[in-house]
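# Residue-level structural notes
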Amino acid sequence: MKRASRAVHAGRDIAARSPLAPDLSQSSVHVYTDLDDYDAVARGERPGHYYGRNSNSNRDMLERAVADLERGEMGLATASGMAALHATMLALAPKPTTIVATRELYGGTMALLRQDFEPAGYEVNFLDLSDLDAVRRSLEGAGLILAETITNPLCAVPDLEAIAAMAKEHGVPFLVDNTFASPILCRPLEFGATAVMHSATKYIGGHSDLVAGVTVGSAAVIGAARIRSVRTGTPLGPFDAWLALRGLRTLDVRMRRHSDNSLALARAMQQLPAMARVFHPLLEDSPSFPVASRLLPEGAGGMMAFELKGGRDAVQRMLSRFRLASFAASLGGVETTISYPEITSHRSLTPEERAELGVTAGTVRVSVGIEDPDDIIEDFTQALAT
Ligand SMILES: Cc1ncc(COP(=O)(O)O)c(C=O)c1O
């Protein structure tokens, strides 16, 4: 089956008399009448569920569906994207080692590395992953490399294929945060990544109504992540798993519309005098364009950014004038939202650190929704008119 069809059907075996939409199994525990039967289920030798922290049918369906779309052996669904990252990083690098990470890392991931991993003895080497020579040098003796398919907020696309090849050469596990692209537009495991994770809060859920994470990889890696998630109590609850699977069913159509809309908005924004710069990986003048057109041939999703000449005052003025877009510190929903990195994703950085990444007082990140593109362009154009 092609990907769009798998997005609609993956994760379930429908038999005669099955409910077409999955039942919600909210129970925390299952009843047994035979001790040997319980023992076999608990050992994983027989299918079934016994305790909600260990497994649940709605979580199972979501895990199988995302694993299918990412072309991985096994999935693990967690209470948030951060829980997925935590369990997967510990599965791949259980003992203190050097973690190489993109310097444009999502702020929450950066905080996890700096405030939890570094004090536990890990060293973190933040790098510009577009500098492949620096990446090669950094892999010597490293224990894990962590990248994001599309960076936040300036939408750069590192060469995952080249990095995966180098990581393999050095025997270093390679974890990719594929949140911004979704498995519809990019499948890092096919490029040679060891594991891939998502904040399913974003595009997989797609409707701004849940917090969840999913990670996918080999049975050995995901099995190791799963036991950590079970031990630390971070598996995803049944209703959020049910909602995330419901969101996943429309992921293919949504990602295509998000991709078309974001490129249309980026091109329209380039025409406005209020703009200092516009960032979208598939704009021909983007430094990421050659890599992005190779790795994301079907579109780059709904994320784009721009820098307003007038700084924070100009951002506030635009925000007060919006009729359709709103300001919200998340992304990937059906509705168009903006984020202001200076006080959201990048607030824990110093102004100097932000400047080094190209994030200024005028930087706005847009999560372009699936509304009619004319309405989105019209809203930004009127909000930015002089
Ligand atoms: C790229 C990326 N990775 C991970 C996360 C963390 O996900 P969650 O908020 O679901 O824990 C986020 C959240 O914004 C994100 O944008």
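For the structure itself, look to the data block above.
Residues numbered from 1 in each chain as written. Predicted model: local features only at pLDDT ≥ 70, side-chain atom pairs only at ≥ 80, totals over all residues. Heavy atoms only, no water.

## A word on the overall build of the protein
From N to C terminus, the protein includes 16 helices and 12 strands. By the compact-globule yardstick of 21 Å for 386 residues, the protein fits well, its C-alpha radius of gyration being 21 Å. Projected onto the principal axes, the alpha-carbon positions of the protein cover approximately 75 × 50 × 35 Å. Sorting the 386 residues of the protein into buried and exposed places 55% on the buried side. Counting only contacts in the protein whose residues sit at least 6 apart along the sequence, the fraction spanning at least 24 positions is 73%. A total accessible area of about 16,500 Å² is found for the protein, and carbon and sulfur atoms account for 52% of it. Averaging the coordinates of the 38 positive side-chain charges in the protein and doing the same for the 46 negative ones gives two points 2 Å apart. (Helix = DSSP H or I, 4+ residues; strand = E, 2+ residues; numbered from the N terminus. Rg over C-alpha atoms; globule rule 2.2 N^0.38 Å. Buried < 20%, exposed > 50% of the residue type's maximum accessible area, 1.4 Å probe, protein only. Contact = heavy atoms within 4.5 Å. Areas by Shrake-Rupley, 256 points an atom, 1.4 Å probe, with all protein chains shown as cover. Lys, Arg positive; Asp, Glu negative; His and termini not counted. Charge placed at Lys NZ, Arg CZ, Asp CG, Glu CD.)

## Regarding the environment of V214
Mapped onto the fold, V214 is located in strand β7 (residues 213-217). Taking the C-alpha atoms as reference, V214 lies 27 Å from V364; in sequence the two are 150 residues apart.

## What about the pairing of strand β4 (residues 144-148)?
Two faces belong to every sheet, and in a regular strand the side chains alternate between them. The buried fraction of β4 amounts to five of the five residues, a majority that puts the element mostly inside the structure. Across the two faces of β4 the burial is the same, with L144, L146 and E148 and I145 and A147 all buried. Across three bridges, the pairing between strand β2 (residues 98-102) and β4 is parallel. By the bridge assignment for β4, V100 is matched with I145. In terms of strand pairing, β4 meets strand β5 (residues 174-177) through four bridges, oriented parallel. Looking at β5, one finds that A147 is bridged to V176. Chirality of the crossover, the property in question, places the unit of β4, helix α7 (residues 160-170) and β5 among those that are right-handed. (Pairing = 2+ DSSP bridges. Right-handed = clockwise from strand over helix to strand, strands pointing away.)

## What about the environment of A79?
Within the fold, A79 resides in the loop between β1 (74-78) and α4 (81-92). When its relative accessible area of 36% is taken as the criterion, A79 is described as partly exposed. Apart from residues no more than four positions distant in its own chain, A79 is found in contact with V211, A212, G213, T234, P235 and L236.

## Describing the sheet that holds strand β12 (residues 363-367)
Taken in spatial order, the five strands make up an open sheet running β8-β9-β12-β11-β10, and their pairing is mixed. Each end of this open sheet is capped by a strand with a single partner; those strands are β8 (275-279) and β10 (326-327). Alignment of strand β9 (residues 303-308) against β12, held across five bridges, turns out to be antiparallel. Looking at β12, one finds that M304 is bridged to V366. In the packing of helix α12 (residues 251-270) onto the sheet, contacts are made with β8, β9 and β12, and the angle to β9 comes to roughly 15°. Of the strands in this sheet, β9, β10, β11 (337-339) and β12 touch helix α14 (residues 311-321), which is tilted by about 125° from β9. (Axes fitted to C-alpha atoms, helices over the stretch in contact; angles between N-to-C directions.)

These figures come from the coordinates and say nothing about function on their own.
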